[in-house]
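Summary of the model geometry
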Amino acid sequence: MRRTVVNRVVLGVVGAALLAAGVLVLAGGLDLYRRLGVDPPQWWPLTSPDQPVVSARSRGRWVASSWWWPTVIGGLTALVAGMAWWLVAQLRRSGLSSIAVPTPGVSGLRLRVGARALEEALENGTAVLPDVERAGVRLVRAPGHPRLRGAVRLRPGGDPAALVEHFEDGPRTDACGSLRLAELPADLRIRVLQAAHAEPRPGRGRRGRRGRGQARVE
């Protein structure tokens with residue numbers, strides 16, 4: 001799952017929780033239940049402007065329980081650790097913004113190609129391969145050289161082995177030639193869509209030729 005998807009899910013959940021809490025506080029603070037003639041259940045929090053969110057009786061009963069402080073401390077610790085992990089994940093860049101292109105025989109010249117431009121070119125080249133319904137490619141950091149990570153969806157009946165051959169002889173080879181790179185390993189995650197009447201096939205892995213990368217079939 002990409003970072004943007006995780007961020008959207010996390011922000012959506014947090015936003016929904018904050019919205020629900022805000023609506024409850026606003027309804028109780030403005031005394032909307034009495035004005036609208038709504039009779040909330042007894043356990044409902046903050047039903048009037050004079051009612052606290054947690055009653056003194058409940059606070060005293062919980063504090064006196066043996067599980068209260070360990071639960072509070074453990075919950076706050078988990079919350080802080082989760083927020084710290086999320087913050088570090090935002091600051092850490094797993095992808096590349098650009099890639100250096102070798103310029104042999106030309107001194108003092110530095111040439112870089114935008115990573116997104118390369119990703120789009122590879123996605124377009126992969127999308128036109130036989131039986132490909134959808135393709136996504138990302139350029140990531142790897143020790144010594146960049147690496148490609150792709151996700152491809154094949155139409156029902158598509159051949160993953162043929163796709164690997166076409167990808168290595170087509171988009172990947174073209175990218176290596178255009179950028180003058182000796183190596184550009186790739187990891188492909190291939191998903192074969194099943195027809196409505198077909199039984200799902202078990203997942204299996206297939207390694208690319210000459211150790212250039214690997215493909216995983218789902």
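Just so you know, the residues in each chain are numbered from 1, in the order the chain's sequence is written. Two thresholds apply to this predicted model, a pLDDT of at least 70 for residue-level local features and 80 or more for giving and counting side-chain atom pairs, whereas whole-chain, interface and lining totals are computed over all residues. Note that water and hydrogens are dropped before the side-chain values are worked out from all heavy atoms of the structure.

Here a strand is any run of E in DSSP of at least two residues, a helix any run of H or I of at least four, and the numbering for each starts at the N terminus. Secondary structure assignment for the chain yields six helices and seven strands. For the chain, the succession of helices and strands along the chain, N to C, is α-α-α-α-β-β-α-β-β-α-β-β-β. Only protein chains enter the accessibility calculation, which uses a 1.4 Å probe; a residue whose area is less than 20% of its type maximum is buried, one above 50% is exposed, and one in between is partly exposed. Expressed as a percentage of its 218 residues, the buried residues of the chain come to 27%. In short, Shrake-Rupley with a 1.4 Å probe defines the accessible areas, and a residue's cover is counted only from the protein chains shown. In the form shown here, the chain has an accessible surface area of approximately 14900 Å², with 60% of it arising from carbon and sulfur atoms.

In this analysis, axes come from line fits to C-alpha atoms, helices being fitted only over the stretch in contact, and the angle between any two N-to-C directions falls in the range 0 to 180 degrees. As a packed pair, helix α5 (residues 115-127) and helix α6 (residues 160-179) sit with axes 9 Å apart at the nearest point and diverge in direction by 155°. Between α5 and α6, the angle falls in the class roughly antiparallel. α6 is crossed by α5, and the crossing has right-handed handedness. On α6, the residues that touch L118, L122, G125 and T126 of α5 are F167, P171, R172, A175 and L179. Classifying every residue of the contact of α5 with α6 gives six nonpolar, two polar and one charged. Angles are sorted into four bins: roughly parallel if under 35 degrees, roughly antiparallel if over 145, roughly perpendicular if 65 to 115, and oblique for all others. Two helices that cross are described as forming a left-handed crossing if the nearer one is turned anticlockwise from the farther one by less than a right angle, and a right-handed crossing if clockwise. Note on contacts: a residue pair qualifies if any of its non-hydrogen atoms lie within 4.5 Å across the two residues. Under the convention adopted here, Pro, Cys and the residues Ala, Val, Leu, Ile, Met, Phe, Trp and Tyr are nonpolar, Asp, Glu, Lys and Arg are charged, and Gly plus all remaining residues are polar.

Walk down a regular strand and you will see the side chains alternate between the two sheet faces. Side chains L148, G150, V152 and L154 of strand β4 (residues 147-154) all project onto a buried face; the interleaved residues R147, R149, A151 and R153 project onto a face where none is buried. Between the parallel pair β4 and strand β5 (residues 186-192), the chain is carried across by α6, and the sense of this crossover is right-handed. Crossovers are marked right-handed if the path from the first strand over the helix to the second runs clockwise, as seen with the strands pointing away from the viewer.

Moving on: the packing of aromatic side chains. Centre distance within 6.5 Å is the pairing criterion for rings of Phe, Tyr and Trp, where only the six-membered ring of Trp is used; planes under 30 degrees apart are then read as stacked, over 60 as edge-to-face, and the remainder as tilted. Taken as a whole and judged by the stated rule, the model has two aromatic pairs. When the ring of W67 is compared with that of W68, the centres are 6.0 Å apart and the planes differ by 75°; the resulting orientation is edge-to-face. Taking the relative accessible area as the measure of exposure, W67 reaches 43% and is therefore partly exposed. For W68, a relative accessible area of 21% puts it in the partly exposed group. Geometrically, the ring pair formed by W68 and W69 is edge-to-face, given 6.3 Å between the ring centres and 70° between the ring planes. Of the aromatic side chains, those joined through ring pairs into one cluster are W67, W68 and W69.

With that out of the way, let us pick up unusual backbone geometry. You will see that D31, though not glycine, has its phi angle at about 55°, which is positive. Topologically, D31 is positioned in the loop between α1 (3-29) and α2 (32-36). Backbone geometry places D131, a non-glycine residue, at a positive phi of 70°. In this structure, D131 sits in the loop between α5 and β3 (132-140). Under the relative-accessibility criterion, D131 is labelled partly exposed at 36%.

This part is about the pattern of salt bridges. For this analysis, a salt bridge means a side-chain nitrogen from Lys or Arg found within 4 Å of a carboxyl oxygen belonging to Asp or Glu. If you walk through the whole model with that rule in mind, you get six salt bridges. Close ionic contact of D31 with R34 constitutes a salt bridge, the shortest N to O distance being 2.6 Å. Residue classification places D31 among the buried positions, given a relative accessible area of 12%. With relative accessibility at 59%, the residue R34 sits in the exposed group. The partner of R147 in a salt bridge is D187, and the shortest N-O contact between them spans 2.9 Å. Residue R147 is found in strand β4, and its partner D187 is found in strand β5; the two are separated by 40 residues along the sequence. When its relative accessible area of 18% is taken as the criterion, D187 is described as buried.

What is shown is where atoms sit, not what they do.
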